[in-house]
Amino acid sequence: MSSMTTDSTFPPNPDAMAVVESVYQASLIMAQTSSQQRTRALEEMAKSLKQASDDILEANTLDLEASREMAVPDLILEWLKLTPERIQTTVQILQRLAELSDPMRRVMNASYQVEGSQSYCQLMPLGVISLVYEALPDLGAIAAGLCIKTGNCLILKGGMYGAHTNAAIADALQRALLKVEMPESCLEMIPAEMGVSTRDLVRQDKYINLVIPYGRPSLVQQVIRQATVPVLKSGMGNCYLYWSPSGSMDLARWVIQDSHQSEPDPVNAIEKVLIHRNQKPSSLTMLFNSLQDKGFEVRVDDLLSEEFSELKKVEESEWSSAYLTKTVAFKVVDNLEAAIAWINQYSSGHADCIVTESYLESSQFGGGVNSASTYINASPRFYRYPKQGDAIFLGMSNQKGHRRGLIGLESLTTVKHIIQGKGQV
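The name an unreviewed UniProt entry assigns to the protein is Gamma-glutamyl phosphate reductase, from the organism Oscillatoria acuminata PCC 6304. According to the UniProt record, the Sequence similarities (unreviewed entry) comment for the protein reads "Belongs to the gamma-glutamyl phosphate reductase family." Looking at the Catalytic activity (unreviewed entry) heading of the UniProt record, one finds this comment for the protein: "L-glutamate 5-semialdehyde + phosphate + NADP(+) = L-glutamyl 5-phosphate + NADPH + H(+)".

What follows is the structure, encoded as structure tokens:
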């Protein structure tokens with residue numbers, strides 16, 4: 001390995017620095033791998049993960065027992081708990097990635113032409129990507145699959161609660177990559193015992209090209225504040241629904257309930273509902289009762305509290321924060337314009353909805369809401385492995401920078417402009 005000098009912000013820890021440098025060196029080789037090599041790697045990763053499923057589940061049991069002793073929140077325990085079905089889904093995702101057409105070096109038209117030359121663009125790997133994630137151990141394998149497919153190398157830094165599970169998954173994937181002779185260190189994990197903080201890792205902009213934080217909003221914001229590496233923000237929860245007076249109550253109820261079916265993480269869950277002040281109290285009563293029957297907690301603003309005094313009032317800070325539980329808060333607004341303004345100020349900005357029978361309202365909502373995606377009379381439910389189409393998604397991004405919306409294969413690529421001349425002087 002190269003003995004390159006570095007302006008590292010790591011504390012004195014040669015092991016940690018060696019990991020990051022070795023992944024960087026591997027990325028230079030990884031970018032030159034063929035589609036056939038990467039396809040074979042993904043096939044072996046799927047096989048290895050399936051063969052190691054018992055070991056992974058044993059490791060997961062250790063993590064769950066330790067986390068319960070530490071009184072870890074139920075939300076994190078739910079994210080941490082693996083099942084044979086979750087592992088099988090991850091295996092299927094890796095198999096599906098192996099079957100997809102190669103996204104790399106795809107030729108596209110260039111936005112400009114140089115006189116006397118031919119210009120075109122190609123999708124290229126970013127290089128080194130780091131996933132900083134909280135619980136959700138299967139995400140490490142999914143991120144690894146997306147990175148291998150796109151010719152990138154990956155550094156995993158999982159939370160302490162899933163240390164044994166994360167290590168078992170990484171070991172299974174590394175064995176597969178070694179078997180098919182992929183570049184050494186193309187997938188590495190920073191274990192907790194190495195003593196490297198998140199801040200240390202996300203400031204390695206000399207070697208790391210992108211960091212993806214995934215977990216509760218507090219983790220995402222921590223990485224954004226501390227990173228000098230470009231960050232691909234992920235969003236979770238705190239999505240809004242505007243229920244127009246013309247919209248069906250049954251449809252509004254279905255959209256809310258269906259949006260919470262994403263498992264195990266409620267990526268696009270509708271947690272806030274804005275209603276027109278002309279909405280009938282009888283319809284609200286039916287909706288509230290129906291949601292409570294399905295296990296939801298319903299909260300209301302001050303105005304609705306006058307009519308539904310038995311329901312808990314919403315604190316002001318809740319409108320801009322995610323519950324990440326089956327909790328839905330309702331607020332009265334004067335009109336669609338007020339709803340759009342409220343959503344643009346308080347929503348997480350990655351998936352917001354409207355239920356309406358008005359084409360004018362749907363058009364105004366779609367153009368006026370400043371979110372990565374808007375849903376009109378449709379559930380925003382998130383599918384990591386959709387039944388239709390050829391895509392696999394890690395999560396949703398609510399930023400306007402590197403990528404926005406669904407985090408898939410193209411989110412882990414960059415564009416190279418190639419200008420070919422004819423040797424003219």
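Q: Teacher, can you tell me more about the pattern of salt bridges here?
A: Side chains that carry opposite charge are capable of pairing whenever their charged atoms lie near each other. On inspection of all chains with the given rule, the structure shows 13 salt bridges. For R216, the salt bridge identified is with E134, shortest N-O distance 2.6 Å. Separated by 82 residues along the polypeptide, R216 in the loop between β6 (210-214) and α9 (217-226) and E134 in the loop between β3 (128-133) and α6 (138-149) bring together distant segments of the chain. The class for R216 is partly exposed, based on a relative accessible area of 24%.

Q: How should I be thinking about helix α7 (residues 163-179) in this particular structure?
A: Owing to its 3.6 residues per turn, the α-helix aligns residues three or four sequence positions apart on the same side. Under the 1.5 Å per step criterion, the end-to-end length of α7 is 24 Å for 17 residues, consistent within 8% with the ideal 24 Å. Positioned one or two residues after α7, E181 has a phi angle of 60 degrees, which is positive.

Q: Whenever I open this one, the environment of S197 confuses me. Can you help?
A: Secondary-structure assignment places S197 in the loop between β5 (187-189) and α8 (198-201). Separated by 40 residues in sequence, S197 and K157 have C-alpha atoms that sit 9.3 Å apart.

Q: Sorry if this is basic, but what is going on with the sheet that holds strand β4 (residues 153-158) here?
A: Strands in a sheet are paired, the pairing made by backbone hydrogen bonds, and the direction either parallel or antiparallel. Strand order in the open sheet made by the four strands is β5-β4-β3-β6, with parallel pairing throughout. Only two strands of the sheet have a single partner each, and these edge strands are β5 and β6. Going across the sheet, the axis of each strand differs from the next one's by a mean of 15 degrees, ignoring polarity. As paired elements, β4 and β5 share three bridges and run parallel to each other. Its bridge partner lying in β5, L154 is registered against L187.

Q: Can you help me understand the packing of aromatic side chains in this one?
A: Inspection of every chain in the model, using the stated rule, returns five aromatic pairs. Judged by centre distance (4.7 Å) and plane angle (65 degrees), the ring pair of F288 and F330 falls under edge-to-face. In this pair, F288 sits in helix α11 (residues 281-293) while F330 sits in strand β11 (residues 327-333), placing the two residues 42 residues apart along the sequence. Both residues of the pair, F288 and F330, count as buried. With a centroid separation of 4.2 Å and an interplanar angle of 35 degrees, the aromatic rings of W342 and Y346 are classed as tilted. Placement of both W342 and Y346 in helix α13 (residues 336-346) is noted, with a separation of four residues, approximately one turn of the helix. Y346 gets classed as buried once you look at its relative accessible area, which sits at 16%. In this structure an aromatic cluster arises from ring pairing among F288, F308 and F330. Over the aromatic face of W342 sits the side chain of K331, whose NZ or CZ is 4.4 Å from the ring centroid.

Q: What's the story with the nonpolar core in this structure? I'm lost.
A: Burial of nonpolar side chains together is a common tendency in soluble globular proteins. Within the largest apolar cluster, 91 residues are counted, with the highest numbers of intra-cluster contacts made by M45, L97, L131, I148, L154, L173 and L394. Broken down by element, the residue count for this core peaks at eight residues, all from α6. When we break this core down by domain, the ones giving at least three residues each are domain 1 (14-234 + 403-420) and domain 2 (239-376). Setting aside anything within four residues of it in sequence, one finds L173 in contact with M45, S48, L49, L94, A141, A144 and L187. Formed by 24 residues, the second largest nonpolar core is a distinct cluster that contains V273, F288, F296 and F330.

Definitions and limits used
- Residues numbered from 1 in each chain as written.
- Predicted model: local features only at pLDDT ≥ 70, side-chain atom pairs only at ≥ 80, totals over all residues.
- Heavy atoms only, no water.
- UniProt positions renumbered as here; feature names shortened; annotations may be inferred.
- Salt bridge = Lys/Arg side-chain N within 4 Å of Asp/Glu carboxyl O.
- Helix = DSSP H or I, 4+ residues; strand = E, 2+ residues; numbered from the N terminus.
- Buried < 20%, exposed > 50% of the residue type's maximum accessible area, 1.4 Å probe, protein only.
- Expected span 1.5 Å × (residues − 1).
- Pairing = 2+ DSSP bridges.
- Axes fitted to C-alpha atoms, helices over the stretch in contact; angles between N-to-C directions.
- Phe/Tyr/Trp six-rings, centres within 6.5 Å; stacked < 30°, edge-to-face > 60°.
- Lys NZ or Arg CZ within 6 Å of the ring centre and 35° of its normal.
- Core = buried A, V, L, I, M, F, W, Y, C linked by side-chain atoms within 4.5 Å.
- Domains from an automatic or database assignment.
- Contact = heavy atoms within 4.5 Å.

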